[in-house]
Amino acid sequence: MTQFLSLLLNGISLGAIYALIALGFVIIFKASEVVSFTQGSLLLLGAYTIARLSGPYGFLVAALAGILVTALAALLIERLVINRLRGAPVISLAIVTIGVDIILLTELIRRIGPDILNVPHPWGGDSVRIGGVGISQNRLIAMLVAGVLIVVFFLAFKYSSWGVAMRASAEDGEAAALMGIRQGRVSALAWVVAGVLAAVAALFLVGAPTPGVSAAVYTVALRAFPAAILGGLDSTGGALVGGLLIGIAEALAAGYQEQLSFLGRGFGEVVPYVVMIIVLLVRPSGLFGTKELTRV
Amino acid sequence: MSEQTIPDVRGRGSRAPGGPSSAGRRRSLLRPLLVVALLVVLLVLPLYVEEFWLRTGFAVFGAIVGAIGLNLLVGTSGQLSLAHAFFLAVGAVSYTYVSGESGGLGTRAALRGLELPPVVGLVVGVLLAGLAGLLFSPVAARLRGIYLGVASLGLVFIGVHLLNTWEPVTGGFNGRSAPEFSLFGFTFGNSDPQLFVLGVPFREAERLWYLGLVLALAAYVFARNLLRSRPGRALQTLRDSEVAASVMGVNVQAYKARVFLVSSMYAGLSGVMYALSIGSIAPESFGLLLSIQFLAMIVLGGLGSVGGAALGAVFVTSLPLVFLQFADVLPLVSAPGEGGIAAGVAARFLYGLAIVLVILFEPGGLAGLAHRFRRRGRDPGGGDRPGPSPGPDDSPTSPVPSDRPARGSNST
């Protein structure tokens, strides 16, 4: 039972990180109809910047710089590529983000090489025990920060003028544009927010129990895609639920590896995708996605 | 680069805008000539070219088959799939399992193999890949394009996991070697029987070259004919509007499932050829990167165009190999472990950039570029289509991009 609770808690904390990434994914999709495959490499960019700068400038500066750099990169991608393609088919947009992703990822992996860059989190690799259930301090803080960020995001989404503008343009882009909402600005802001979320996720993703920044972080980030799809691409709440679900499933599968040994070693890493495919079989638009109705 | 490839497109790409009314008299003579010339060049090439280029050539032929298959799915019917690497893996593994020998794998688990003739392995590989595609198609048929893109991503990771785990069949993490191909007693190896043509020894590379050429040609012709026939037109309608397609009597679900079947059979064949060209299979060869490479091929070549897919495959597959060959000549690029940018990395940069540029500036890819040149050659001044909308004058098999950003054609 303790093992179960511990896995559950760790799963939730991992899920919170996934939820951050997935949220960025969903915001971008809502604002600009782009399925952004760049999320993984943006996250790696954030992690890399933090790891490289925390040596000379200390952790706090590095973390801020990492967030800034990632947000800036996201903004650049939006301005230079996505904005020029407004109105293009969804598939073209997705493919172009894959192209950007290849460039960014290749450069980052070339720079990182086979090393594992260490990020000196001030809280280190310590773990705390809550009622007999252990969790690394890093993950605990991640959970809290993610919680706060998500609440702030949802409030902003609901009440701020940016949130209203974005919801309006997601609902009906043309009408929103006619009402004076600047689509370009909404989309740019969405990318910036997604970049920030990815960088914050990176900050915690490379801490304990993960060893540090390596090329493998990218594959971890990719597991947030199932989270976003699972919840429904256009549902912010869905991203949250999807992230948690994926995180818990992964932690449980990794924790009960012995019992699941017939599925092979490292099955935990595939679980997100298995869960996603099963959910999509039942609900093709994800758990909370809007069903697409066609009327003739 | 593109200047050199345009005659190539003309020669191979018999997918000109369909009706005979549009074909000029001059062109109707030129085309078959070019096709024949290209074929002759391809046929006699092994007599003159070194083994390295022939091996590259076989890898390219394999990629062409796969790219054509993916293009049917993504380009023609508009379903984004990143699962191509998975279906390639199914084909490659089935081939090695069916035709491979049983035996020890170092100290650990024993490998199993059915030791059937390689032709059987090839056919089984293609069929099993098709079956895998068919099994996935219920998911595929229910999902809208973009959901499918991400869902198919999952298949790649599941595939790599299976390859790592299922040791008796796949050889596990280290992979296993693929058996030599042979056809009714004629092996595609270095000897048995010894073969000389015009004094040139025909060894493995030469033999495989012809095998690849035949398979790639067959794949090309089949896809082209498919696109020009009823199912092909149905698929194109499907891409443009599912509602319109179903109103016209196209069974949307069934067609989506079928195109998945065909595309994954192509991938299966491509996987078998991949295994033959590398000589072994290993899990890391069938990762996400492979899927993305195939996507790069069809985007570069031009979505929806069979000839374009072939062209893109040539470009993307040969790029790293050529870089490797000329590492000491090219600036910035270097051999592995010498500072500089490794050949594979440089190639990845280049095709990543190419994807972005193609989508931004020439959504028709290389095929679209060739098409534009051809139009301009025929009626100077009026070469560019005036509006962004793919008008009704577009014949379905024309290499006009399937994905065209809605904007003016001022991006010459």
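Report follows, based on the coordinates. Quantities reported herein were computed from a predicted structural model and do not represent experimental measurements.

Digging into the overall build of chain A
When helices and strands are counted, chain A shows 12 helices and two strands. In chain A, the succession of α and β elements from N to C terminus is α-α-α-α-β-β-α-α-α-α-α-α-α-α. At 19 Å, chain A has a C-alpha radius of gyration in line with the 19 Å of a compact globule built from 296 residues. Dimensions along the principal axes, computed over C-alpha positions, put chain A at roughly 55 × 50 × 35 Å. Taken over 296 residues, chain A has a buried fraction of 52%. Looking at chain A alone, contacts between residues at least 24 apart form 76% of all its contacts between residues at least 6 apart.

Overview of helix H12 (residues 288–301) of chain B
All names here are of chain B. Between its first and last C-alpha, H12 extends 20 Å over 14 residues, near the 20 Å set by a 1.5 Å rise per residue. With 13 of its 14 residues buried, H12 lies for the most part within the structure. Gly302 sits one or two positions beyond H12 and adopts a positive phi of about 120°.

Let's talk about the interface of chain B and chain A
Each partner contributes to the interface: chain B provides 37 residues, whereas chain A provides 39 residues. Listing elements by their share of the side of chain B that touches chain A, those giving two or more residues are helix H5 (118–142), helix H6 (145–165), helix H10 (242–247), H12 and helix H14 (343–361) of chain B. Element by element, the count of residues in the side of chain B that touches chain A is highest for H6 of chain B, at 13 residues. For the side of chain B that touches chain A, a count of residues per class yields 25 nonpolar, eight polar and four charged.

Quick notes on the pairing of strand S1 (residues 127–130) of chain A
All names here are of chain A. Here S1 runs beside strand S2 (residues 133–136); their pairing, made up of four bridges, is antiparallel. From the neighbouring strand, Ile130 faces S2, where its bridge partner is Val133. Once S1 ends, the chain turns through two residues before running back antiparallel as S2, passing Gly131 with a positive phi of about 55°.

Here we look at the packing of helix H2 (residues 39–57) of chain A against helix H8 (residues 183–205) of chain A
Residues and elements named next belong to chain A. Viewed as axis vectors pointing N to C, H2 and H8 meet at an angle of 55°, and their least axial separation amounts to 8 Å. By the angle between their axes, H2 is oblique relative to H8. At the point where H2 passes H8, the crossing takes the right-handed sense. Between H2 and H8, the residues in contact are Gln39, Leu42, Leu43, Gly46, Ala47 and Ile50 and Gly195, Ala198, Ala199, Ala201, Ala202, Leu203 and Leu205, respectively.

Some details on the packing of helix H4 (residues 84–99) of chain B against H12 of chain B
Residue and element names in this part refer to chain B. Their axes nearest at 7 Å, the elements H4 and H12 cross at an angle of 110°. When the axes of H4 and H12 are compared, the pair comes out roughly perpendicular. Facing His84, Ala85 and Leu88 of H4, the residues of H12 in contact are Leu288, Leu290, Ser291 and Phe294. Residue classes in the contact of H4 with H12 are distributed as five nonpolar, two polar and no charged.

Conventions used here
- Residues numbered from 1 in each chain as written.
- Chains lettered and ligands numbered in written order.
- Predicted model: local features only at pLDDT ≥ 70, side-chain atom pairs only at ≥ 80, totals over all residues.
- Helix = DSSP H or I, 4+ residues; strand = E, 2+ residues; numbered from the N terminus.
- Rg over C-alpha atoms; globule rule 2.2 N^0.38 Å.
- Buried ≥ 20, exposed ≤ 12 C-beta atoms within 10 Å, placed from the backbone.
- Contact = placed C-beta atoms within 7 Å.
- Expected span 1.5 Å × (residues − 1).
- Nonpolar A, V, L, I, M, F, W, Y, C, P; charged D, E, K, R; others polar.
- Pairing = 2+ DSSP bridges.
- Axes fitted to C-alpha atoms, helices over the stretch in contact; angles between N-to-C directions.
- Parallel < 35°, antiparallel > 145°, perpendicular 65-115°, else oblique.
- Left-handed = near helix turned anticlockwise from the far one by under 90°.

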